[in-house]
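Results of the structural survey
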Amino acid sequence: MICLDDVSLSYKGRSGEVTALAHTSLTVKQGEFAAVVGPSGCGKSTLMKLVTGLIRPTAGAVFVEGKPVKGPVKIAGMAFQNANLLPWRSVLDNVLLPLEIVPPHRGRFRREKDFYRARALDLLGVVGLRDFAGRYPWEMSGGMQQRASLCRALIHEPALLMLDEPFAALDAFTREELWVVLRDLWQRLGFTVVLVTHDLREAAFLADTVHVMSARPGRIVETRVVDFLRPRPLEVCYEPAFTDLVHELRGKIAEVRQA
Ligand SMILES: Nc1ncnc2c1ncn2[C@@H]1O[C@H](COP(=O)(O)OP(=O)(O)O)[C@@H](O)[C@H]1O
Ligand SMILES: [Mg+2]
């Protein structure tokens with residue numbers, strides 16, 4: 001699904017050049033849940049922008065579904081730390097928003113509103129917001145807004161879901177609720193995920209593979225397969241093997257922060 005081949009990226013600014021990524025390689029298989037962890041400023045968001053085609057590499061190549069990325073990747077859905085819902089739109093209309101904008105869906109959406117509304121309501125049902133479809137973002141908690149933002153990212157049934165620290169602003173309990181929501185969405189819809197997070201427990205609970213990035217200029221320094229049985233209950237987070245994995249990842253991050 002994704003292949004980064006020896007990718008480097010430098011930002012050019014007035015104060016000179018910042019090398020965000022240097023010789024980074026990464027592959028993510030179709031249907032895989034990949035997590036990327038690493039110290040702040042190491043280039044995680046840069047990596048996400050490269051994969052979704054928002055920026056082009058300075059060197060190396062980026063492929064999605066086997067094709068070189070030349071512009072914004074249409075098969076991707078995205079969500080970020082802030083839900084960024086439009087305050088004047090209901091939750092349902094926020095979820096439907098991408099369909100009004102993204103060209104391949106725009107025409108169909110106009111003709112088949114009922115079909116897409118049903119799909120949006122179905123998604124809202126999966127994340128437990130079926131009864132809030134008519135509400136406005138400011139009537140909802142941060143966790144509920146983030147649930148809606150996941151539905152918005154998935155409304156066009158993307159093959160690839162790119163999540164950049166989506167739960168970072170939530171409290172610990174809400175965050176765990178959202179882990180379960182994301183787990184169930186992924187299990188049900190079967191898309192490929194790249195999740196950037198600084199929460200090692202989150203990565204270990206959700207992912208098939210955890211990629212650890214070095215400090216800037218970032219590159220993947222370690223890839224760890226997580227093979228806890230699925231479906232994973234939250235209780236897995238309290239098993240010794242889980243704690244060992246988190247501990248090991250923690251050690252790796254400490255190492256790369258010093259390097
Ligand atoms: N548009 C930009 N122009 C210049 N420098 C940038 C830009 N975006 C990010 N950077 C720099 O590139 C590095 C990596 O940034 P980023 O990918 O956002 O890191 P992360 O998401 O891991 O915290 C940082 O040092 C950041 O300051
Ligand atoms: Mg970032």
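Rules and cut-offs
- Residues numbered from 1 in each chain as written.
- Chains lettered and ligands numbered in written order.
- Predicted model: local features only at pLDDT ≥ 70, side-chain atom pairs only at ≥ 80, totals over all residues.
- Heavy atoms only, no water.
- Helix = DSSP H or I, 4+ residues; strand = E, 2+ residues; numbered from the N terminus.
- Rg over C-alpha atoms; globule rule 2.2 N^0.38 Å.
- Buried < 20%, exposed > 50% of the residue type's maximum accessible area, 1.4 Å probe, protein only.
- Contact = heavy atoms within 4.5 Å.
- Areas by Shrake-Rupley, 256 points an atom, 1.4 Å probe, with all protein chains shown as cover.
- Lys, Arg positive; Asp, Glu negative; His and termini not counted.
- Charge placed at Lys NZ, Arg CZ, Asp CG, Glu CD.
- Near = heavy atom within 4 Å.
- Polar contact = N/O pair within 3.5 Å; in protein donor to acceptor, adjacent residues only side chain to side chain.
- Pairing = 2+ DSSP bridges.
- Right-handed = clockwise from strand over helix to strand, strands pointing away.
- Axes fitted to C-alpha atoms, helices over the stretch in contact; angles between N-to-C directions.
- Parallel < 35°, antiparallel > 145°, perpendicular 65-115°, else oblique.
- Left-handed = near helix turned anticlockwise from the far one by under 90°.
- Expected span 1.5 Å × (residues − 1).

Let's talk about the overall build of the protein
For the protein, the count of helices and strands is 8 helices and 10 strands. In terms of overall size, the protein behaves like a compact globule, its C-alpha atoms giving a radius of gyration of 18 Å where 259 residues would be expected to give roughly 18 Å. When the 259 residues of the protein are sorted by exposure, 50% land in the buried category. Long-range contacts, defined here as pairs at least 24 residues apart, represent 69% of the contacts in the protein between residues at least 6 apart. Within the structure as shown, the protein displays about 12,600 Å² of accessible surface, and the carbon and sulfur contribution to it stands at 52%. One finds the centroid of the 33 positive side-chain charges in the protein at a distance of 8 Å from the centroid of its 29 negative side-chain charges.

Thoughts on the site of ligand 1
The local shell around ligand 1 consists of Tyr11, Val18, Ala20, Ser40, Gly41, Cys42, Gly43, Lys44, Ser45, Thr46 and Arg216. Note that an oxygen atom of ligand 1 is positioned 2.8 Å from one of the backbone N or O atoms of Lys44. Separating an oxygen atom of ligand 1 from a side-chain N or O atom of Thr46 is a distance of 2.5 Å. Protein contact buries 64% of the 560 Å² of open area that ligand 1 shows by itself. Going through the elements one at a time, strand E2 (16-28) and helix H1 (44-51) are the ones with two or more residues in the shell around ligand 1. Looking at the shell around ligand 1, the element that brings in the most residues is H1, giving 3 residues.

So, the pairing of strand E8 (residues 192-196)
Along a regular strand, successive side chains alternate from one face of the sheet to the other. For E8, the buried fraction is high: 5 of the 5 residues fall into the buried class. Of the two faces of E8, the one lined by Thr192, Val194 and Val196 and the one lined by Val193 and Leu195 are each fully buried. Pairing analysis gives 4 bridges linking strand E3 (residues 33-37) to E8, with the strands arranged parallel. Directly across from Val36, in E8, lies its bridge partner Val196. Two elements, strand E7 (residues 160-164) and E8, share 5 bridges in a ladder whose sense is parallel. Looking at E8, one finds that Leu163 is bridged to Leu195. In this fold, the crossover linking E7 to E8 by way of helix H6 (residues 172-189) has right-handed handedness.

Some words on the pairing of strand E4 (residues 59-64)
Sheet analysis places strand E1 (residues 2-13) next to E4, joined by 5 bridges and oriented antiparallel. Its bridge partner lying in E4, Ser8 is registered against Ala59. With 2 bridges connecting them, E4 and strand E5 (residues 67-68) associate as antiparallel partners. Across the sheet, Val64 pairs through a bridge with Lys67, a residue of E5. In this structure, the hairpin formed by E4 and E5 is closed by a connection of 2 residues, where Glu65 is found at a positive phi of approximately 50 degrees.

Here's the deal with the sheet that holds E4
Within a beta sheet, neighbouring strands are joined by backbone hydrogen bonds and run either parallel or antiparallel to one another. Pairing in this open sheet of 4 strands is antiparallel, and the strands run E2-E1-E4-E5 from one edge to the other. With one partner strand each, in any of the chains shown, E2 and E5 form the two edges of the open sheet. The sheet contacts of H1 involve E1, E2 and E4, and relative to E1 the element is tilted by about 115 degrees.

Some remarks on the packing of helix H5 (residues 142-154) against H6
The N-to-C vectors of H5 and H6 enclose an angle of 20 degrees; their axes lie 10 Å apart at closest approach. With respect to H6, the element H5 is oriented roughly parallel. The crossing of H5 and H6 is right-handed. Side by side, H5 and H6 meet where Gly143, Gln146, Arg147, Leu150 and Leu154 of the first sit next to Thr174, Glu177, Leu178, Val181, Leu185 and Leu189 of the second.

Considering helix H4 (residues 113-126)
One turn of the α-helix equals 3.6 residues, which is why residues spaced by three or four share an orientation. The end-to-end C-alpha separation of H4 is 20 Å, in line with the 20 Å expected for 14 residues at 1.5 Å each. For H4, the complete set of buried residues consists of Tyr116, Arg119, Ala120, Leu121, Leu123 and Leu124. Turning to H4, the residues buried within the fold contact helix H2 (91-101), helix H3 (103-111), H5 and H6. Gly128, located one to two residues past H4, shows a positive phi value of around 80 degrees.

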